[in-house]
Amino acid sequence: MKILVAEKIAQKGIDTLVEAGMNVDVKLSLPREELLDIIKNYDAIVVRSVTKIDEEFYEHATNLKVVGRAGNGVDNIQMDGATKRGVIVVNTPDANTVSAAEHSIGLLLASGRNIPQANALLKNREWDRSKFTGVELLGKTVGVVGLGRIGSLVATRLQSFGMKVIAYDPYITDERFKRFGVEKRDTLEELVKESDFITVHTPKTDETFGMIGEKEFEMAKKGVRVVNCARGGIIDEDALAKALEKGIVASAGIDVLVGEPNPDSPLVDFENVILTPHLGADTYEAQDNVGVTVAKEVMNALKGEMVPNAVNLPALKHHDLENIKPYLFLGETLGKFYHQVRKDSINKVEIHYSGNVTNYETSVITLSVLKGLFEPILREQVNYVNASVTAQNRGIEVVESKGQDAGNLLNLIKVVVHSKEKVFTISGTVSGKGQERIVEINDYELDFTPTQYMIVVKNNDRPGVIGQVGTLLGVHKTNIATMQVSRNSKGGRALMLLSVDTDVTKEAQQVINNIDGVEKVAFVKI
Ligand code: NAD
Ligand code: MLT
């Protein structure tokens, strides 16, 4: 697998890739044309916030499977384009939050006390204390916009300065405000009117871009101080420049610019605006953490494994991923049966979860069922990311449901595949020891551990059929590992499920098919 590291990440991250045997090229800050020219040669790219991963990029990146974002914000990555092509986008949302929070507070303190300006003057061998009188934080109100990972770290840290912390975040529960000891404000207007300091910590979205603009500055307290260590433009740069001119804003600490890395912003000319070139995550700790995390995530995603920080997949915590793994394997296995047993198109897939599996993020298991379902016919073109889109594009309705009763099992996943005229069902469970079992196929009860090579035989329940299957497999040097038979009634129809050690040759398949009493045979590879 070839990986292009297109923006600077910590050497530890590169070492992690190289030590794992990956073929890594580090080509930093390539001109766009050059990048577009070579990207077809790579399976994965690692970027930070500068490289634009857009439609034009995807069109050139014909072999791309993974985009690793060494950092948090993914506003430079066009997500729909990735999802429809099955490109997995991974990021490292937790690896640099402390550094970003500390930098935000650094900017707040530095701008409130004019530290960089005073430093510059003294370095110029001038001494003047009168120009740099600042303000204390104690007893002041800070308004935090966005109480997510970084906003909450900033909020709790500023409380130790004796500040009153209020926050506006319409997308989180009241419980979260309480957990961080923060007073909730229902509108941005309320927050702006009350705050002596405002610090923004939202992602850049259509809603947040320019959310602190002219209107907000008009209603703000005179002398308010603002910090943006989130994304350029969340505090509108032109509006901020005007508010600085009018003396509404006393100072600002800005780490991110709309046009970065181009430093051409109206804010650059203000003495009372402290600017840093997107340094929020630039600490040794955060960069090592980000580099190693992104390297591991990219490698796991390239292996087709589920990764907790895949942005275009439901979110999973590391701990949950470990617990959910056997269900993902089971879901994929159940899905893989259909197209190997039936040659029929699908209208609808129902996936019903019961028992303790319902405690997990079942939408991810549903993706594993869909991935398994399409893999026998689409191979590597389907993965966790595009499995849903693939179903949608093929006009397949996917219905997920949950119930409590798993009978005498701890949990049950039942997959019902509807074609035009028929219904195929298969169910499985994960035992207390984490062992996957198939417990039903088309209403035939089983208790079977799935293996790489399996044979499903539908036959008449009469003497000799099972024996002949065994004998003829033996003749064709196919060793049976385990076998189970299930029937709906004595002398009626039966289902045999066999696990064999090797793939079954075409010739042997033909012979088994022709056994008298065998109605149908399917050879299933997992
Ligand atoms: P997060 O997703 O954990 O939190 C964002 C919060 O913003 C969420 O709670 C969300 O509900 C809230 N939000 C969304 N829209 C909102 C709106 N319209 N009004 C109010 N709140 C809204 O994100 P995070 O990890 O805390 O990151 C915050 C920001 O910091 C992001 O923009 C990220 O890209 C940026 N960041 C910058 C640096 C840096 O180097 N400067 C480093 C890391 C992260
Ligand atoms: C991030 O989103 O993680 C930050 O912008 C930091 C970075 O990109 O390095």
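(A) Seen up close, the packing of helix H1 (residues 11-19) against helix H12 (residues 284-302). The interhelical angle for the contact between H1 and H12, taken along N-to-C directions, is 25°, at an axis separation of 7 Å. When the interaxial angle is binned, H1 and H12 end up roughly parallel. Relative to H12, the crossing made by H1 is right-handed. Across the interface between the two elements, Lys-12, Gly-13, Thr-16 and Leu-17 of H1 pack against Asp-288, Gly-291, Val-292, Ala-295, Lys-296 and Met-299 of H12. Looking at the contact of H1 with H12 residue by residue, the class counts come to four nonpolar, three polar and three charged.

(B) Just a nonpolar patch on the surface, in detail. Together, Ile-466, Met-483 and Val-485 give the surface a local cluster of nonpolar side chains, amounting to about 230 Å² of exposed area. Mapping Met-483 onto the fold places it in strand S20 (residues 480-487).

(C) The side chain of Asn-383, seen in detail. Assignment of secondary structure puts Asn-383 in the loop between helix H14 (362-378) and helix H15 (387-393). Of the polar contacts made by the side chain of Asn-383, one reaches the backbone nitrogen of Val-385; its length is 3.0 Å. Discounting residues that sit within four places of it in the chain, Asn-383 has contacts with Gly-86, Ile-88 and Lys-371.

(D) Broad picture of H1. Within the span of H1, buried status applies to Gly-13, Ile-14, Thr-16 and Leu-17. Buried residues along H1 cover an arc of 155° about the axis, so they all sit on one side. Opposite the packed face of H1, turned more than 90 degrees from it, sit the exposed residues Gln-11 and Glu-19. Structurally, H1 contributes buried residues whose contacts are with strand S1 (2-5), strand S2 (23-26) and H12. Among the residues trailing H1, Gly-21 stands out with phi positive, at a value near 85°.

(E) Seen up close, the sheet that holds strand S14 (residues 397-403). Read across the sheet, six strands follow the order S14-S13-S15-S16-S17-S18 without closing on themselves; strand pairing throughout is mixed. In this open sheet, the two strands that pair with only one neighbour each are S14 and strand S18 (444-448). Averaged over all pairs of adjacent strands, the angle between strand axes in this sheet comes to 15°, irrespective of strand direction. Here strand S17 (residues 436-441) runs beside S18; their pairing, made up of three bridges, is antiparallel. What sits directly across from Ile-438, in S18, is Phe-448. Strands strand S15 (411-418), strand S16 (423-430) and S17 of the sheet are contacted by helix H13 (residues 318-341), whose axis makes an angle of about 155° with S16.

(F) Layout of the sheet that holds strand S22 (residues 518-525). The antiparallel open sheet is built from four strands, whose spatial order is S20-S21-S19-S22. The outermost strands of the open sheet, each flanked by one partner alone, are S20 and S22. In this sheet, adjacent strand axes meet at a mean angle of 15° when their direction is disregarded. Note: strand S19 (residues 453-460) against S22, seven bridges, orientation antiparallel. Residue pairing for S22: Tyr-453 is matched across the bridge by Lys-525. Across the face of the sheet, H13 comes into contact with S19, strand S21 (493-500) and S22 while running at roughly 130° to S22.

Conventions we followed
- Residues numbered from 1 in each chain as written.
- Chains lettered and ligands numbered in written order.
- Predicted model: local features only at pLDDT ≥ 70, side-chain atom pairs only at ≥ 80, totals over all residues.
- Heavy atoms only, no water.
- Axes fitted to C-alpha atoms, helices over the stretch in contact; angles between N-to-C directions.
- Helix = DSSP H or I, 4+ residues; strand = E, 2+ residues; numbered from the N terminus.
- Parallel < 35°, antiparallel > 145°, perpendicular 65-115°, else oblique.
- Left-handed = near helix turned anticlockwise from the far one by under 90°.
- Contact = heavy atoms within 4.5 Å.
- Nonpolar A, V, L, I, M, F, W, Y, C, P; charged D, E, K, R; others polar.
- Patch = residues over 30% accessible without salt bridge, like charges linked within 9 Å, V, L, I, M, F, W, Y side chains within 5 Å.
- Areas by Shrake-Rupley, 256 points an atom, 1.4 Å probe, with all protein chains shown as cover.
- Salt bridge = Lys/Arg side-chain N within 4 Å of Asp/Glu carboxyl O.
- Polar contact = N/O pair within 3.5 Å; in protein donor to acceptor, adjacent residues only side chain to side chain.
- Buried < 20%, exposed > 50% of the residue type's maximum accessible area, 1.4 Å probe, protein only.
- Arc of directions from axis to C-beta.
- Pairing = 2+ DSSP bridges.

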